[in-house]
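# A structural walkthrough
So the chains spell out like this:
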Amino acid sequence: MRAFVIGNAAIDETISVDGLPEPGVSILGRIASRDLGGKGTNQAVVMARGGLETTLVSATGDDFRADTIRNQLAEEPLDARLSRLSGISTDFSMVLNTPDGENSIVTTTEAAEALPLDVAMKVLGEAKPGDFLVMQGNLSAENTETLLKTGRERGMVTAFNPSPLRPYFERLWPFIDIVFLNESESLSLAGATGQKAAETLHGFGIRQVVLTAGTKGAMLSTAGGAFVHVPAVKAKAIDTTGAGDTFMGAALASAALRGGMLDERAISHASAASALTVARRGTRRAFPSRDELAVIFAG
Ligand code: ATP
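Residues numbered from 1 in each chain as written. Predicted model: local features only at pLDDT ≥ 70, side-chain atom pairs only at ≥ 80, totals over all residues. Heavy atoms only, no water.

### Some points on the pattern of salt bridges
One pass over the structure, following the stated rule, counts 21 salt bridges. Here Arg284 makes a salt bridge to Glu75, at a shortest N to O gap of 2.8 Å. Of this pair, Arg284 sits in the loop between helix H9 (264-278) and helix H10 (290-298) while Glu75 sits in the loop between helix H2 (64-74) and strand E5 (79-84), and the two are 209 residues apart along the sequence. Its relative accessible area of 12% is what places Arg284 among the buried residues. We note a salt bridge from Arg171 to Glu145, for which the minimum N-O separation is 2.9 Å. Of the two residues, Arg171 is situated in the loop between strand E9 (157-161) and strand E10 (178-181) and Glu145 in helix H5 (residues 141-153); the sequence distance between them amounts to 26 residues. (Salt bridge = Lys/Arg side-chain N within 4 Å of Asp/Glu carboxyl O. Helix = DSSP H or I, 4+ residues; strand = E, 2+ residues; numbered from the N terminus. Buried < 20%, exposed > 50% of the residue type's maximum accessible area, 1.4 Å probe, protein only.)

This is the structure we're talking about:
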């Protein structure tokens, strides 16, 4: 089984601040890290480090950030297909990190929105039935819908992370098998959290719903099947950037490597993996290593 992640690649600039700025107020901060990020890239890196054959399809502009992204991806065990687009700025995220480990993030999506559809469609031509197609909310509405629809037509298992929130997500539900949401996404898209949210999302035709709730842990709900809660693994959180992406990547890799859909074990593996991420600063550099994931997946 193979995973195809079609999503964004960005540089995360993390700035430590004492507190988040009020509107109209200037505050002081200090650069805490500069790292490869972007939700699509994060999820692909974790899946690949987990040992799943992973292809990342993404776009950058034609600038210094694009070089950094290309060089850092070359260090990962994944097949990166990057379109370098002229006249476009490479995407980046401004992460404001407070002393209690909370983050506020602003992300640009110019390059992600300009990802050429024909390039992504060509790569999807390599997919086989049962392969995973993994997507998030950074691409254009048209590309996201077309690619998920195509993945479904090819018999792929489609997994979607509706972040950042966009008004067009409702149109996508018919093409999604698995969805991963945090609490605020759950409230916005399903009007509830927990089992009630899962039932609403199953009503849209989604087979498996994963709801993450930070330190309160995560839930997996399977249509017509079980609803399980898995507690978070205790960690000393210093930077939660990429916790949700680590969770999603690790859960999908764990399930795919064992040949199927998500189960309680995959959610436990994801909880252990994301507890490592929150205890370290940065994005890619905070993710569990190949060795750490091998130990987690053996449990
Ligand atoms: P982010 O946007 O920070 O990447 P998210 O909002 O998408 O994260 P969360 O629900 O906050 O997602 O976290 C995802 C998972 O990461 C949780 O279900 C939990 O397993 C783990 N996690 C998050 N924060 C902590 C923490 N402080 N300690 C231990 N585990 C955590």
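### A short note on the site of the ligand
Among the 18 residues in the neighbourhood of the ligand, the closest are listed as Asn182, Thr212, Gly214, Thr240 and Gly244. In this structure, an oxygen atom belonging to the ligand sits 3.2 Å away from a side-chain N or O atom of Ser274. Relative to its unbound accessible surface of 630 Å², the ligand loses 83% to contact with the protein. Only helix H8 (243-257) and H9 provide two or more residues apiece to the shell around the ligand. (Near = heavy atom within 4 Å. Polar contact = N/O pair within 3.5 Å; in protein donor to acceptor, adjacent residues only side chain to side chain. Areas by Shrake-Rupley, 256 points an atom, 1.4 Å probe, with all protein chains shown as cover.)

### Comments concerning the pairing of strand E2 (residues 10-16)
In terms of burial, E2 is a largely internal element, 7 of the 7 residues being buried. Along E2, one buried face is formed by Ala10, Asp12, Thr14 and Ser16 and the opposite face, lined by Ile11, Glu13 and Ile15, is buried too. Bridging between E2 and strand E3 (residues 30-37) involves 7 bridges; their strand directions are antiparallel. What sits directly across from Ala10, in E3, is Gly37. (Pairing = 2+ DSSP bridges.)

### Notes on H5
Helix length check: H5, at 13 residues, gives a terminal C-alpha distance of 18 Å against a target of 18 Å (1.5 Å per residue), a fit within 8%. Along H5, the positions that sit buried rather than exposed are Ala141, Asn143, Thr144, Glu145, Leu147, Leu148, Thr150 and Gly151. Residues of H5 that are buried sit in contact with strand E1 (2-6), helix H4 (117-124), strand E8 (132-136) and E9. Just downstream of H5, Gly155 is the residue with a positive phi angle, here 80 degrees. (Expected span 1.5 Å × (residues − 1). Contact = heavy atoms within 4.5 Å.)

### So, the sheet that holds strand E7 (residues 103-107)
In space, the 4 strands of this open sheet follow the order E3-E2-E6-E7, with mixed pairing throughout. Pairing within the sheet leaves two strands with one partner each, and these edge strands are E3 and E7. Geometrically, the sheet is characterised by an average inter-axis angle of 20 degrees between neighbouring strands, direction not taken into account. One ladder, built from 5 bridges, connects strand E6 (residues 92-97) with E7; its direction is antiparallel. (Axes fitted to C-alpha atoms, helices over the stretch in contact; angles between N-to-C directions.)

### Comments concerning the nonpolar core
The biggest cluster of nonpolar side chains holds 44 residues, and the ones touching the most others in it are Met47, Leu73, Val134, Phe180, Leu252, Leu262 and Ile267. With 8 residues, H8 is the single largest residue contributor to this core. Apart from residues lying up to four places away in sequence, Leu252 is in contact with Met47, Phe132, Val134, Ala159, Ile178, Phe180 and Leu262. Leu85, Ala120, Ala127 and Val179 belong to the second-largest nonpolar core, a separate cluster that totals 38 residues. (Core = buried A, V, L, I, M, F, W, Y, C linked by side-chain atoms within 4.5 Å.)

### Observations regarding the packing of H8 against H9
Two numbers describe how H8 lies on H9: the axes approach to 8 Å, and their chain directions differ by 145 degrees. Judged by the sense of rotation from one axis to the other, the crossing of H8 with H9 is right-handed. Touching Ala243, Thr246, Phe247, Ala250, Ala251, Ser254 and Ala255 of H8 are Arg265, Ala266, Ile267, His269, Ala270, Ser271, Ala273, Ser274, Thr277 and Val278, all from H9. Counted by class, the contact of H8 with H9 contains 10 nonpolar, 6 polar and 1 charged residues. (Left-handed = near helix turned anticlockwise from the far one by under 90°. Nonpolar A, V, L, I, M, F, W, Y, C, P; charged D, E, K, R; others polar.)

### Overview of the side chain of Asp35
With respect to the element layout, Asp35 can be found in strand E3. Of the residues examined, Asp35 reaches a relative accessible area of 2% and is grouped as buried. A distance of 2.8 Å separates a polar atom in the side chain of Asp35 from the backbone nitrogen of Thr283. Discounting residues that sit within four places of it in the chain, Asp35 has contacts with Ala10, Ile11, Asp12, Gln72, Gly282, Thr283, Arg284 and Arg285.

### Considerations on unusual backbone geometry
Where the residue is not glycine, phi is negative for most of them; where a peptide bond is considered, it is trans in most cases. Here the bond from Ser163 into Pro164 is cis, since omega is -5 degrees, no more than 30 degrees from zero. On the secondary structure map, Pro164 appears in the loop between E9 and E10.

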